[in-house]
Amino acid sequence: MTFRYLVWLLLCLGVVPVFAQDEEHVQVHGFVTQGLLYSKDNNYLVSGTNTASVDWTEAAVSITDRPAPKLRIGIQLHYYELSDLGSNYPTIDWALGDYQVNPYFGLRAGKVKTPLGLFNDTQDIDPVLLWALLPQSIYANDNRNFFLSHYGGDVYGTTPLGQKGGKLSYRAYGGTNNLPVTGGFGEQIYDQTGLVFDNDLPAKQGGADFRWQTPIKSLMLGSSFLYVHTHAKAENGTADIKSYAPAYYGKLEAGRYYAAGEYRRSINHALFNISSSDVKTTYDLKAWYAMFSYRVNTKLQIGAYYSHYLYAPGMASYASNNSKDLVLSGRYDFNQNFYAKVETHFLHGTALGYYPDDNPDGVRPRTNLAVAKLGFSF
Amino acid sequence: MKVRYLFIPLLLLCGAPSLRAQKIIIIANRSAKVEEIGISDLRGIFLGSSTRFKNGVTAVPVLLRSGPEHDDFLAEYVGKVDSSFRTVWRSLVFTGVASMPKNTDSDAAMVAYVASTPGAIGYVSKNSPHDNVTTVAVK
C-alpha cells in the first residue's frame, strides 16, 4: 500500500516522467494505473467491491540498452496490487538478453515473457489495452502472475511465405516458473484441498506460439500451446499437477475496426497427497471470447466482448461450473501519456472470480460490475 | 443544386489522404541503398514487425514526435492514428521484444538524424530541405 502512494507521489511531482528517454541506446519507459471496482450482489475478484474498491494499482518501469547492433538487454520491474492478490511489492516482470542473428532466428534468455494466445504477454500492460479487464475466461486477473513469464530461453523468428503466402512468426520456449501461493490458483488449491504451502510452487514449463500474418491485409491467425508440470511439497502433503493448454486465436484490424477471438482449453491432471491420502482428479476447462472495437476518433475508442468459461462439461447448467461475461468498454486518451477507461460487466455464473472469504454469505449467480481506470504511460 | 456537385465534396474527401500524402516524402540514410520500398515493407518497419530492408540492411525507423506530417504519415502509410500506433510500440517495449523508435522534434532534426544514422528511415514535409539523404519512392 505504501509503495502505491510512493508511485503516485513521484508521478504527481513529475519525477518519473523526467526519466523518460527515447535515445537509440538506453531507454526508460513506464506506466502507472489506478483502478476502481464496484459490483452488485457479489464481491468480485477481491473483497470490498460491493462498496467500491480502489485497492487496485499497477506500475512498471523498464530499462533497455542496445550495446551492439544485434544485442539488446533490459529489465522491467512490475508492481501489481489487487487487494490481497498480486505481489504488493515490485517484482521482475522480465529481465533478458536478446540476440537477433537475422530476421529468421533470434535468442532470448533470462526471465522472458510467455507467449500464449493473443494477450498473455501483454495482459499486465494496461496502456496497450482498450479493456480495463481482459476476458476473464482466459486472462483471469487473479491467476495471471503464474502465466506472465518464465525463467529460461526463447527462440524466435519470422519467415516470409512467398508473394501470396503472408509471413509466419514463431516463438518456442522452455524453462521454469513459480506458482504464487498468494495468487488465484494458490488460493483455489488451498480452498479445495487444504494443503498449506510455505513458498510459491515450483513448475517446469515449455511451449510455442505461431502467428500467421495472412495475405489478407490485417488478418492474423495464431496458435499456441503450453505445458506446465507443477510439483510442490506442502506442510501437510504434496501437489503434483500436469497441465496442457492449447490456444487458437485470430485478429482482424481494418481502419477504425478491430475484431478478435480466441479459444483455449486447459487439461489438468492433478494428484494431491493430503495427510497421506492420495486424491487424483482431472480438470478440463474450456474458454473462449469474441471481441469487437471501433475507434470513434483519435482520442476515443469503444468496444464490447463476450467471454465464456466452462468447467467440468456435463454439468454446464450449474452456475458454479460456468462463467459468462458481456462487457461494454470505452477508453479516452487525453494525450500521448494520460488515458481513462470505463467498463461495465454483466456476469452470469460463479466459476471464476469469486472466493469464499470474500463472499462469506455465499455467491449469487449474477453480478453487475463497473470498472474505471486512470493511467499514465511514458 | 445539380447532382454532380454532390460528388465534389465526396471526391475531395476520397482524394484527401493521397493529396495529403503527396506533402510527405520518405527519406533514408544513403548507406541503406534504398531508393524504393513496398508499402507493406514500410508498414512492417514502422510497426516493428520487420527489422530489415529487403537488401538485408538493418532498418532504423525514426519518428516525428507529433504534428500534421506525423499524423499524415501514419494515416497514409501505416494505417493508424497516433494513439493506436504508440500502443503497438508500447506492446513491444513493455514485453521486452523491441526498443522504442527515436523521436525527433522537427523536420530538420529528422533529416539530420536520418543523414547521420546508418539504416535510418523517416519522413518529412516535401517542402523541407532534405540534403544528404535518399528520397525513397513508395510502391
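It should be noted that the structure appears before, not after, this text.
Residues numbered from 1 in each chain as written. Chains lettered and ligands numbered in written order. Predicted model: local features only at pLDDT ≥ 70, side-chain atom pairs only at ≥ 80, totals over all residues.

**Topic: the overall build of chain A**
Within chain A, the secondary structure is distributed over four helices and 18 strands. On C-alpha atoms alone, chain A measures out to a radius of gyration of 21 Å, which is about the 21 Å that the 2.2 N^0.38 rule sets for 378 residues. If you line up chain A on its principal axes, its C-alpha atoms span 55 × 40 × 40 Å. In chain A, which comprises 378 residues, the proportion classed as buried is 43%. (Helix = DSSP H or I, 4+ residues; strand = E, 2+ residues; numbered from the N terminus. Rg over C-alpha atoms; globule rule 2.2 N^0.38 Å. Buried ≥ 20, exposed ≤ 12 C-beta atoms within 10 Å, placed from the backbone.)

**Some thoughts on the overall build of chain B**
The helix and strand inventory of chain B stands at five helices and six strands. Beginning at the N terminus, the succession of helices and strands in chain B can be written as α-β-β-α-β-α-α-β-α-β-β. The buried share among the 139 residues of chain B stands at 39%. For chain B, the proportion of contacts with a sequence separation of at least 24, taken over those separated by at least 6, is 68%. (Contact = placed C-beta atoms within 7 Å.)

**What about the environment of Val371(A)?**
Residue and element names in this part refer to chain A. Here Val371 shows up in strand E18 (residues 366–377). Counting along the chain gives 319 residues from Val371 to Ala52, while the straight-line C-alpha distance between them is 9.4 Å. With residues near it in sequence (within four places) discarded, Val371 still touches Gly35, Leu36, Leu37, Ala132, Leu133, Glu343 and His345.

**Some points on the sheet that holds strand E4 (residues 102–104) of chain B**
All names here are of chain B. Spatially, the six strands line up as an open sheet ordered E2-E6-E1-E5-E3-E4, and their pairing is mixed. Of all the strands in the sheet, the pair left with one neighbour each is strand E2 (36–37) and E4. Across three bridges, strand E1 (residues 24–28) lies against strand E6 (residues 134–138) in antiparallel orientation. Bridge pairing links Ile27 to Thr135 in E6. Along the sheet face, helix H5 (residues 107–116) touches E1, strand E3 (60–64), E4 and strand E5 (120–125) and points at about 155° away from the line of E5. (Pairing = 2+ DSSP bridges. Axes fitted to C-alpha atoms, helices over the stretch in contact; angles between N-to-C directions.)

**A short note on helix H2 (residues 39–46) of chain B**
It helps to recall that an α-helix has 3.6 residues per turn; residues three or four apart then point in one direction. Inspection of H2(B) places Leu42(B), Gly44(B), Ile45(B) and Phe46(B) among the buried residues, and these make up the whole buried set. Looking one or two residues beyond H2(B), the residue adopting positive phi is Gly48(B), at roughly 80°.

**What to know about the interface of chain B and chain A**
At the junction of the two partners, chain B supplies 19 residues and chain A supplies 27 residues. Of all elements in the fold, only helix H4 (82–94) and E4 of chain B reach the threshold of two or more residues within the side of chain B that touches chain A. In terms of residue count, the dominant contributor to the side of chain B that touches chain A is H4(B) (nine residues).

**Structural notes on unusual backbone geometry**
With a phi close to 75°, Ala52(A) is a non-glycine residue in the positive phi region. Following the sequence through the fold, Ala52(A) ends up in the loop between strand E2 (27–40) and strand E3 (56–68). Overall, the presence of 12 C-beta atoms within 10 Å leaves Ala52(A) in the exposed class. Positive phi, normally seen in glycine, also occurs at Asn132(B), with a value near 65°.

**Here's the deal with the nonpolar core**
Residues Leu37(A), Trp131(A), Leu134(A), Ala239(A) and Tyr309(A) are the most contacted members of the largest nonpolar core, which totals 70 residues. Apart from the residues within four sequence positions on either side, Tyr309(A) is in contact with Ser137(A), Ala287(A), Asn322(A), Ser323(A), Ala351(A) and Leu352(A). Formed by 29 residues, the second largest nonpolar core is a distinct cluster that contains Ile37(B), Phe46(B), Ala59(B) and Leu74(B). (Core = buried A, V, L, I, M, F, W, Y, C linked by C-beta atoms within 7 Å.)

**Some points on H5(B)**
Residues and elements named next belong to chain B. Among all positions in H5, only Asp107, Met110, Val111 and Val114 are buried. In a view along the axis of H5, the buried residues occupy a sector of 95°, so they form one face of it. Buried residues along H5 sit in contact with E1, E3, E4 and E5. (Arc of directions from axis to C-beta.)

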